[in-house]
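Letter by letter, the chains look like this.
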Amino acid sequence: MPYSTSGNREEHTANLGLIPQPVEMRTAPGVFTITPQTPLVATGEALAEARMAQDTLAPAMGFRLPLIEGDGPRNGAIVWLLDETLTELGDEGYRLDVTTEGVVIRAPKRAGLFFGLQTMRQLLPPAIFRQARVEGIEWTLPCVSITDYPRFQWRGLMVDPARHFIPKSALLRFIDVMALHKFNTLQLHLTDDQGWRIEIRKYPKLTEIGAWRDETLIGNLLHDTPHKFDGRPHGGYYTQDDIREIVRYAADRHVTVVPEIEMPGHARAAIASYPELGCNPDQRLSVRTIWGVCQDIFNPSDETIAFLQDVLVEVMELFPSTFIHIGGDEAVKDQWKASESVQARIRELGLEDEEELQSWFIRQMDDFLTRHGRRLIGWDEILQGGLAPGATVMSWRGMDGGIAAARKGHDVVMAPTSHTYFDYYQGPPEDEPLAWGGLLPLETVYDFEPIPEELDKEQSRHILGAQGQLWGEYIPDERQLEYMAYPRACALAEVVWSPKEGRDYDGFRQRLERHLERLKVLDVNYRPLDPASR
Ligand code: TNX
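Counting starts from 1 at the beginning of each chain's written sequence and moves along it residue by residue. Local features in this predicted model are restricted to residues whose pLDDT is 70 or higher, and side-chain atom pairs enter the listing and the counts only when it is 80 or higher, whereas totals over whole chains, interfaces and linings include all residues. The basis for every side-chain value is the complete set of non-hydrogen atoms in the structure, without hydrogens or water.

A. Expanded view of the overall build of the protein chain. Across its full length, the protein chain carries 18 helices and 21 strands. Here the globule rule is a power law, 2.2 Å times the number of residues to the power 0.38, and the radius of gyration is based on C-alpha atoms. For a compact globule of 534 residues, the expected C-alpha radius of gyration is about 24 Å, and the protein chain comes in at 24 Å, within 12% of that figure. Expressed along its principal axes, the backbone C-alpha trace of the protein chain runs to roughly 80 × 50 × 45 Å. Buried means the residue's accessible area, taken with a 1.4 Å probe over protein chains only, is under 20% of the maximum for its type, while exposed means over 50%, and partly exposed covers the values in between. Counting the 534 residues in the protein chain, one finds 61% classified as buried. Here, two residues are considered to be in contact whenever any of their heavy atoms come within 4.5 Å of each other. Sequence-distant contacts in the protein chain: of pairs separated by 6 or more residues, those separated by 24 or more amount to 73%. With residues, only the protein chains shown are counted as cover, and all accessible areas are computed by Shrake-Rupley using a 1.4 Å probe. With an accessible surface of roughly 20,900 Å², the protein chain has 48% of that area assigned to carbon and sulfur atoms. With 55 positive and 81 negative side-chain charges, the protein chain shows a separation of 3 Å between the mean positions of the two kinds. Helical segments are the DSSP runs of H or I of at least four residues, strand segments are the runs of E of at least two, and each set is numbered from the N terminus. In summary, the charge assignment counts Lys and Arg as positive and Asp and Glu as negative, without counting His or the chain termini. Each charge is placed at NZ for Lys, CZ for Arg, CG for Asp and CD for Glu.

Below, the structure is given as structure tokens:
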């Protein structure tokens, strides 16, 4: 085949602006042009991916490519082949070969064919991302031979509809843009002090009461005092049918939705709905209207454990994800210390202190989820007082929690504030929309290395991957969500997908400039590389 193997890889990929950068790519002269007569060829399970390609390409092309059932390479066609013998590509890898004669996409699993389609979209002119027919354009693909597979299995972003509700339509669009970057995990932070966002049939008050707050803080919690409020009710929730739709939509794009139900802290909306779940059942609490760590915490009674497990039963019905996130962060223990019944509970369970009680609490959930064939994941505070046997740790307060967990043989997702908190500022605060604080420029995200040097090879295997966090306190709408996510998520996509050896910020920046043309067509409200030129 007339492929050039000489020259440096970055040089070739720079020209095409692929993000994340493929593992191996050779380019050759010439193009393949897609016309209304170009057939998509697939058989068996590959048909579903070919249909996804048909649907994805149709709006901008203005024609639906004919789909033919078959399984051999063919001239003039785009062929989708599932080939189980290509095990070296893993569960999500693919090979994409474009010659002047046609296109072949091969993968051992369906996910690989889908990620191959995402690369193919990036190889086409950016106009392919338009949602209506584009006139006077040739749909050409440059001749390339790509072998590609991810470095990590957990390539995640987290969104927070609890602080500001994210309408379903915005979530679906967010999933589309994630998939374009080959992310495969969306964590949904469904419950917090400021709102409960998922319908639970057994406990209707969670959404009747818990999904609504009277008003919302204006300005920054720490800097804009005295506090002012907007005086407008805020809320919303996903019905169980909405959740099914979101989960299915994501699954069709090979994205797993990981639900997060917070406990024992960040529980104010639940306690406002059912006061008996709290430590002061006689007190009437409202859903919280300001940000920051809240004192209200679930009591550790059998009834509360049963309530949370009932919630998890409905959550497991809706989310096929192996991992179920139980939060576990920032659980202030003052109410546990002050409550006579909680102190009696500690003695009854033969525990040392409140830390051990938290650990006991999480273990009830770990046992429960394990019995149901699922796996518990929680923020790194679940290490305090002893880690539950099956638990996976999401390390957010730096990497230390993750290091400790991996050394104990637990799996870890790296999500440190230092490199993955996309709710932090991207540039000088005076030039940026209001945020929490902190500073996380694009380059720092790109420099992130999820595997700490402290771990040996065996321990490193426990690092499943990494995740970017879009905490929602200062993300009131979809435009701001995109502004905070992009282009930092482009950098993270490359950290979690591409080989470490190819990391090169300048090369990334050059490819990113091309890539932003795509995001522009998609109307993603990314932060410009040079905000001065806005
Ligand atoms: C800490 S990170 C939190 C969130 C906030 C975030 C703001 C974590 C596990 N808990 O509740 O939204 O800081 O950056």
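B. Examining helix H3 (residues 110-123) more closely. Here H3 spans 20 Å end to end across 14 residues, near enough to the 20 Å set by a 1.5 Å rise per residue. Burial within H3 is extensive, with 13 of its 14 residues counted as buried. Multiply 1.5 Å by the residue count of a helix minus one, and that product is the helix's expected span.

C. Layout of the sheet that holds strand S18 (residues 375-379). One closed barrel accounts for 8 strands, arranged S8-S9-S16-S17-S18-S19-S20-S21; its pairing is parallel. If you compare each strand with its neighbour and ignore which way they point, the axes differ by 30 degrees on average. In this sheet, strand S21 (residues 463-470) lies alongside strand S8 (residues 154-159) in parallel orientation, the contact comprising 6 bridges. Bridging across to S21, Leu157 finds its partner in Gly468. A pair of strands counts as paired when DSSP detects no fewer than two bridges linking them. What counts as an axis is a line fitted to C-alpha atoms, over the stretch in contact for a helix, and the angles between N-to-C directions run from 0 to 180 degrees.

D. Expanded view of the pairing of strand S7 (residues 139-148). Most of S7 sits inside the fold, with 9 of its 10 residues counted as buried. As defined by bridge partners, strand S1 (residues 24-34) adjoins S7 across 8 bridges and the pair is classed as antiparallel. Along S7, the bridge assignment pairs Ile34 with Trp139. Pairing of strand S5 (residues 94-99) with S7, which is carried by 5 bridges, proceeds in the antiparallel orientation. The partner of Val98 across the bridge, within S7, is Val144.

E. Spatial organisation of the pairing of strand S6 (residues 102-107). In terms of residue burial, S6 counts as a mostly covered element, since 5 of its 6 residues are buried. Taken together, the 5 bridges between strand S4 (residues 78-82) and S6 define a ladder with parallel strand orientation. Note that in S6 the partner of Ile78 across the bridge is Val103. Here S5 pairs with S6 via 5 bridges, running antiparallel. Its bridge partner being in S6, Asp97 is matched across the sheet by Val104. Remark: 2 residues form the turn of the hairpin made by S5 and S6, two consecutive strands paired antiparallel.

F. Representation of the site of the ligand within the structure. Any residue with a heavy atom positioned within 4 Å of a molecule or strand is treated as near that molecule or strand. Close contacts around the ligand come from Arg163, His266, Asp329, Glu330, Trp379, Trp396, Tyr421, Asp423, Trp436, Trp471 and Glu473, and that covers them all. Identification of polar contacts relies on pairs of N or O atoms within 3.5 Å, with a donor-acceptor requirement for protein atoms, meaning one able to donate a hydrogen and the other able to accept it, and with residues adjacent in sequence counted only if both atoms are side-chain atoms. Within the side chain of Asp329, a nitrogen or oxygen atom sits 2.7 Å from a nitrogen atom of the ligand. Contact between the ligand and Glu473: an oxygen atom at 2.6 Å from a side-chain N or O atom of the residue. In isolation the ligand offers 360 Å² of accessible surface; the protein chains occlude 94% of this area. All residues other than Ala, Val, Leu, Ile, Met, Phe, Trp, Tyr, Cys, Pro, Asp, Glu, Lys and Arg, Gly among them, are scored as polar; the first ten of these are nonpolar and the last four charged. Class assignment of the residues belonging to the shell around the ligand gives a composition of 5 nonpolar, 1 polar and 5 charged.

G. The environment of Asp367, seen in detail. Tracing the backbone through its elements, the reader meets Asp367 in helix H11 (residues 354-371). In this structure, the C-alpha to C-alpha distance between Asp367 and Asp400, residues 33 residues apart in sequence, is 25 Å.

H. Spotlight on the environment of Thr35. Mapped onto the secondary structure, Thr35 falls in the loop between S1 and strand S2 (40-42). The exposure class of Thr35 is partly exposed, given its relative accessible area of 30%. When the C-alpha atoms of Thr35 and Gly390 are compared, they prove to be 52 Å apart, with 355 residues separating the residues in sequence. Excluding residues that lie within four positions of it along the chain, Thr35 makes contacts with Phe63 and Leu65.

I. Main features of the packing of helix H2 (residues 46-61) against H3. Following both chains from N to C, one finds H2 and H3 inclined at 20 degrees, their axes separated by 9 Å at the closest point. In terms of orientation, H2 lies roughly parallel with respect to H3. In this structure, H2 meets H3 at a crossing whose hand is right-handed. Contacts from Ala46, Ala48, Glu49, Met52, Ala53, Thr56 and Leu57 of H2 reach H3 at Arg110, Leu113, Phe114, Leu117, Met120 and Arg121. Here the angle decides the label: under 35 degrees means roughly parallel, over 145 means roughly antiparallel, 65 to 115 means roughly perpendicular, and every other value means oblique. Each crossing gets its hand from how the near helix is turned against the far one by less than a right angle, where anticlockwise is left-handed and clockwise is right-handed.

J. Representation of the pattern of salt bridges. Salt bridge criterion: a side-chain nitrogen from Lys or Arg within 4 Å of a carboxyl oxygen from Asp or Glu. As enumerated under the stated definition, the model contains 32 salt bridges in all. Among the ionic pairs, Arg163 bridges to Glu473, the shortest N-O distance being 3.5 Å. Here Arg163, found in the loop between S8 and helix H4 (168-180), pairs with Glu473, found in the loop between S21 and helix H16 (478-485); they are 310 residues apart in sequence, far enough to count as distant. The pair Arg163 / Glu473 is uniform in exposure class, with both members buried. Linking Arg253 and Asp176 is a salt bridge whose minimum nitrogen-to-oxygen distance equals 3.0 Å.

K. Broad picture of the domain arrangement of the protein chain. When cut into domains, the protein chain gives domain 1 (9-148) and domain 2 (154-497). Computed over C-alpha atoms, the centres of domain 1 and domain 2 are 36 Å apart. Two parts placed together each lose some accessible area under a 1.4 Å probe, and the buried area is that loss summed for both. Both faces combined, the contact of domain 1 with domain 2 buries some 1,500 Å², and carbon together with sulfur accounts for 61% of it. Inspection of the region where domain 1 meets domain 2 yields 1 salt bridge. Inspection of the domain 1/domain 2 interface yields 7 residue pairs in polar contact (both at pLDDT 80 or more). Here the limits of each domain have been adopted from an automatic or database domain assignment.

L. Quick look at the environment of Gln309. Turning to its location among the elements, Gln309 is positioned in helix H8 (residues 302-318). With 169 residues separating them in the primary sequence, Gln309 and Thr140 have C-alpha atoms 53 Å apart. Beyond its immediate stretch of four places on either side in the chain, Gln309 contacts Gln364, Met365 and Phe368.

M. Main features of the nonpolar core. Note on terminology: a nonpolar core comprises buried Ala, Val, Leu, Ile, Met, Phe, Trp, Tyr and Cys residues joined through side-chain atoms within 4.5 Å. Ranked by size, the top nonpolar core spans 156 residues in total, and within it Ile78, Trp80, Ile198, Tyr486 and Leu519 carry the most contacts. Two domains each provide a minimum of three residues to this core, namely domain 1 (9-148) and domain 2 (154-497). With residues near it in sequence (within four places) discarded, Ile78 still touches Phe32, Ile34, Thr38, Pro39, Leu40, Val41, Leu65, Val103, Ile105 and Met120. Membership of the second largest hydrophobic core comes to 13 residues, among which are Ile377, Trp396, Val413 and Leu464.

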